[in-house]
Amino acid sequence: MKSNNGSARYIFALTLVATLGGLLFGYDTAVISGATGALKNFFIAPLYSNPALSAQVILEYKFIVSLCLVIVAVLLGSFLVKLYGSKKGGIYMALLAIVAILVWYFRFWAQPNELTEGMANAINGFTISSALVGCIIGGSLGGYISQTLGRRNGMMLAAFLFTLSAIGSAIPDKMNFMGFELVSSFIFYRVVGGIGVGLASMIVPMYIAEIAPAGIRGKLVSWNQFAIIFGMLVVYFVNYAIARQGSDSWLNNMGWRWMFASETIPASLFFFLLFIVPESPRYLVMTDKDDKAEKVLNRLVGESRALSVLEEIKETLVERKAPWLSFGGLVIIIGIFISIFQQFVGINVVLYYAPEIFRTMGSGTDTSLLQTIIVGAVNLTFTVVAILTVDKLGRKPLMIIGAVGMAFSMIALGLMFYIDNVGMGALFFMLLYTASFAVSWGPVAWVMLSEIFPNSIRGAMSIAVAAQWVANLIVSWTFPIMNDSTALTNTFHHGFATGFTESWEFWQLCLCGK
């Protein structure tokens, strides 16, 4: 039914469909949490008893990591061109490439193909965090995809990649068309899913912002952040339900497959629902489809305002093309540091490795997954608190409160690990840490990133987003290396990794004080 004021129910329905992309974002990144132990037993443990297999896996690991580094380096190098212009940016990119090649060769490729404890932990860490490589790629390509294929088709591509990744990760042996070892096939499909996450992380909020009237735009966009956290909580329940279907041995051999396969249900739903969703009016205007844009606007804002909104969209399509630093560099530096600090406090270690952390505290598989559900519930609850209070209390106060809370809880948790006295107290400080992050640096960092970049260099936000995914990858990749190290465990009793995050929480406080 047509309305002079638009259809609120129609806008809400479109937002719900789009936020399924956010739910899948959270689902795909957190599904790994229930399978970390099983993947280590299934993929890494057999390497110790089969030297030929381990040598081949190490060679493929080096090749895959090298290929990923090249792709990521090219994508990040393009940011230097946008920052400084083609001439100066090209020189900086060449210098960076030379340094990166030297470090890569001597510190990585030239190392012997021998299965040491450090190498096994590194392969395990990359297996768990490999989706984040795809996130960097997808996030970097999100702007290009949204401009060429459109917002709706971009989301459909993300949904397809989610589905392909879910199937391939569940049965990497049957989907191994490239002839790799199983762990390499698994990594490939996790990277594919990560590309879907990266695309969704950029295109979903963009689509919601472009179909939402100005008066309720902020509220509707915030639903995407809620959907991401809700997707994480949903998969914690799914993982727990699957784990209860059999023994630890069944989980190590078959159960983890069902965890990844479960993503095909929401991914397929998202894909097919997108067929009934219209393209965003902004993209339709960009592609000279003004008539279609007007029809969509008639339903979104009403016939009385459709033409005026259409003209506003045309005016905002005019952009200045100049190196980003010509508009000022301090805001870009601050945006990058906000992103890095948000990840270097180690929140995704909790989200990805929570069951393993709880197992080091002495919990069984079922109990550790149940405790992970509690972590997810706390994360969701305090994210809602942040959404409701960020405009009342302000961004900076929440960031300071969160940094203090995280620092205190990590110091306490690290000490409890160090003195080898873990129990309900450790669970309490883990939940306090999660609540402190969720009420502050989790959602508020995204709010600040969306606000500090002026319209003239809005595209520079992609650097901060890419920095966030890179920092996430570094933390998630190195955590098993530190946490599973025999030397560090004997000395710190799994408390070293928490001590690493404490230093970054100190620098968070310094940044907030500026």
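Asks: Would you mind showing me how to read the nonpolar core here?
Replies: One broad rule of soluble globular proteins: the nonpolar side chains tend to lie buried together. Formed by 98 residues in total, the largest nonpolar core has its most connected members in Leu 39, Tyr 61, Phe 126 and Phe 260. Looking at which element gives the most residues to this core, the answer is helix α8 (residues 182-211), with 13 residues. With near-sequence residues (within four places) excluded, Phe 126 lies in contact with Tyr 61, Ile 64, Val 65, Cys 68, Val 133, Ile 187 and Trp 477. Listed in part, the 31 residues of the second largest apolar core include Leu 413, Leu 427, Val 444 and Ala 445.

Asks: I keep staring at the packing of helix α1 (residues 8-30) against α8 and nothing clicks. Help me out?
Replies: Packed helices, taken two at a time, are described by their axes: the angle between them and the distance between them. For the pair α1 and α8, the least separation of the axes is 9 Å and the interaxial angle reads 155 degrees. Judged on the interaxial angle alone, α8 and α1 are roughly antiparallel. Crossing hand, α1 versus α8: left-handed. Of the residues in α8, those in contact with Ile 11, Leu 14, Thr 15, Ala 18, Thr 19, Gly 21, Gly 22, Phe 25, Asp 28 and Thr 29 of α1 are Arg 190, Gly 193, Gly 194, Val 197, Ala 200, Ser 201, Val 204, Tyr 207, Ile 208 and Ile 211. For the contact of α1 with α8, the class distribution of residues is 10 nonpolar, eight polar and two charged.

Asks: Would you mind showing me how to read the layout of surface pockets here?
Replies: If a probe the size of a water molecule is rolled over the atoms, the empty space left behind becomes visible. When its volume is computed, the second largest pocket comes out at roughly 1400 Å³. Along the walls of the second largest pocket sit 47 residues, with Leu 69, Val 72, Ala 73, Leu 76 and Ala 100 positioned nearest its centre. Taken together, the residues of the lining of the second largest pocket sort by class into 38 nonpolar, six polar and three charged.

Asks: Help me understand the side chain of Glu 210, please; the structure alone is not making it clear to me.
Replies: Note on placement: Glu 210 falls in helix α8. Glu 210 gets classed as buried once you look at its relative accessible area, which sits at 18%. With near-sequence residues (within four places) excluded, Glu 210 lies in contact with Arg 151, Ser 280, Pro 281, Arg 282 and Tyr 283.

Asks: Would you mind showing me how to read the pattern of salt bridges here?
Replies: Any two side chains of opposite charge can pair, given that their charged atoms come close. Summed over all chains, the structure comprises six salt bridges. Note that Arg 151 and Glu 210 form a salt bridge whose closest N and O atoms lie 2.8 Å from each other. One end of the pair, Arg 151, is in helix α7 (residues 151-170); the other, Glu 210, is in helix α8, and 59 residues separate them in sequence. Residues Lys 314 and Glu 311 are paired through a salt bridge, measuring 3.8 Å at the closest nitrogen-oxygen approach. One end of the pair is Lys 314 and the other is Glu 311, both in helix α14 (residues 303-316) and three residues apart, which spans about a single turn. Beyond isolated ion pairs, a larger network of salt bridges with shared partners links Arg 151, Glu 210 and Arg 282.

Asks: I keep staring at helix α13 (residues 290-301) and nothing clicks. Help me out?
Replies: Because the α-helix completes a turn every 3.6 residues, residues three or four places apart line up on one side. Here α13 is 12 residues long and its end C-alpha atoms lie 15 Å apart, about the 16 Å a rise of 1.5 Å per residue gives. Regarding α13, the residues found buried are Ala 293, Val 296, Leu 297, Leu 300 and Val 301. For α13, the angular spread of the buried residues around the axis is 105 degrees, confining them to a single face. Along α13, the residues that are exposed and aim more than 90 degrees away from the buried face are Asp 291, Lys 292 and Lys 295. Tucked into the core, α13 has its buried residues touching α1, α8, α12 (281-286) and α14. One or two residues past the end of α13 sits Gly 302, with phi positive at roughly 95 degrees.

Asks: Got a minute to help me understand helix α6 (residues 131-148) in this structure?
Replies: With 18 residues, α6 extends 24 Å from end C-alpha to end C-alpha; this agrees with the ideal 26 Å at 1.5 Å per step. At Gly 142, α6 is bent by approximately 45 degrees, the largest bend along its length. Within α6 the residues assigned to the buried category are Ala 131, Leu 132, Val 133, Gly 134, Cys 135, Ile 136, Ile 137, Gly 138, Gly 139, Gly 142, Ile 145 and Ser 146. Looking one or two places after α6, you find Gly 150, whose phi comes out positive at around 105 degrees.

Asks: Just to check I follow, could you spell out the packing of α7 against helix α11 (residues 264-273) for this structure?
Replies: Across the interface, α7 lies against α11 with an axial gap of 9 Å and an inter-helix angle of 155 degrees. Between α7 and α11, the angle falls in the class roughly antiparallel. Where α7 crosses over α11, the two elements pack in a sense that is left-handed. Of the residues in α11, those in contact with Met 155, Met 156, Ala 159, Phe 160, Phe 162, Thr 163, Ala 166 and Ile 167 of α7 are Thr 264, Ala 267, Ser 268, Phe 270 and Phe 271. Across the contact of α7 with α11, the residue classes break down as 10 nonpolar, three polar and no charged.

Asks: In this structure, what is going on with the packing of aromatic side chains? I would like to understand it.
Replies: The geometry of an aromatic ring pair comes down to the distance between the two centres and the angle between the two planes. For the structure on display, the rule yields 19 aromatic pairs. Look at Tyr 61 and Phe 126: their rings are 5.9 Å apart centre to centre, the planes differ by 75 degrees, and that puts the pair in the edge-to-face class. You can see Tyr 61 sitting in helix α3 (residues 51-84) and its partner Phe 126 sitting in helix α5 (residues 117-129), a full 65 residues away along the chain. Taken as a pair, Tyr 61 and Phe 126 share a single burial class, namely buried. Both rings, one in Phe 337 and one in Phe 341, keep their centres 5.8 Å apart while their planes meet at 35 degrees; by these two values the pair is tilted. Of the two residues, Phe 337 and Phe 341 both sit in helix α15 (residues 330-344), four residues apart, roughly one turn of that helix. Each member of the aromatic cluster is reached from another via a ring pair, and the members are Phe 42, Phe 43, Phe 186, Trp 256 and Phe 260. The lysine or arginine in question, Arg 299, covers the ring of Tyr 10, its NZ or CZ lying 3.8 Å from the ring centre.

What counts and how
Within each chain, residue numbers correspond to sequence positions counted from 1 in written order. Predicted model: local features are reported for residues with pLDDT of at least 70 only, side-chain atom pairs are reported and counted for 80 or more only, and whole-chain, interface and lining totals are derived from all residues. As a rule here, side-chain values come from all non-hydrogen atoms in the structure, and water together with hydrogens is ignored. We call a set of buried Ala, Val, Leu, Ile, Met, Phe, Trp, Tyr and Cys residues a nonpolar core when their side-chain atoms join them within 4.5 Å. With a 1.4 Å probe rolled over the protein chains alone, any residue whose accessible area is under 20% of its type maximum counts as buried; one over 50% counts as exposed, and the rest are partly exposed. Runs of E in the DSSP output that reach at least two residues are strands. Runs of H or I that reach at least four are helices, and both are numbered from the N terminus. Whether two residues touch is decided by their heavy atoms; if any such pair falls within 4.5 Å, the residues are in contact. Note on definitions: angles span 0 to 180 degrees between N-to-C directions of axes, and those axes are lines fitted to C-alpha atoms, for helices only across the stretch in contact. Just so you know how the angles are binned, under 35 degrees is roughly parallel, over 145 roughly antiparallel, 65 to 115 roughly perpendicular, and the rest oblique. Note on convention: the crossing is left-handed when the near helix lies turned anticlockwise from the far helix by less than a right angle, right-handed when the turn is clockwise. Gly counts as polar in this scheme, as do all residues outside two lists: the nonpolar Ala, Val, Leu, Ile, Met, Phe, Trp, Tyr, Cys and Pro, and the charged Asp, Glu, Lys and Arg. Only protein atoms enter the 1 Å grid used here, on which a cavity is any set of points holding a 1.4 Å probe that cannot leave and a pocket is any open set flanked by protein within 12 Å on both sides along at least five of seven lines; residues with an atom within 4 Å of a point are listed as lining. Grid points are joined across faces, edges and corners, and a volume is the space filled by probe spheres set on the points. One speaks of a salt bridge when a side-chain nitrogen belonging to Lys or Arg is within 4 Å of a carboxyl oxygen belonging to Asp or Glu. Between the first and last residue of a helix there are one fewer steps than residues, each counted as 1.5 Å, and that sum is the expected span. In this description, the arc belongs to the directions extending from the helix axis to the C-beta atoms. The reported bend at a residue is simply the angle between two axes, fitted to the 7 residues ending at it and to the 7 residues beginning with it. Only the six-membered ring of Trp is used, alongside the rings of Phe and Tyr, when aromatic pairs are assigned; centres must lie within 6.5 Å, and planes under 30 degrees apart are stacked while those over 60 apart are edge-to-face, with the rest tilted. Placement of a positive charge over a ring is assigned whenever Lys NZ or Arg CZ falls within 6 Å of the ring centre and within 35 degrees of the normal to the ring plane.

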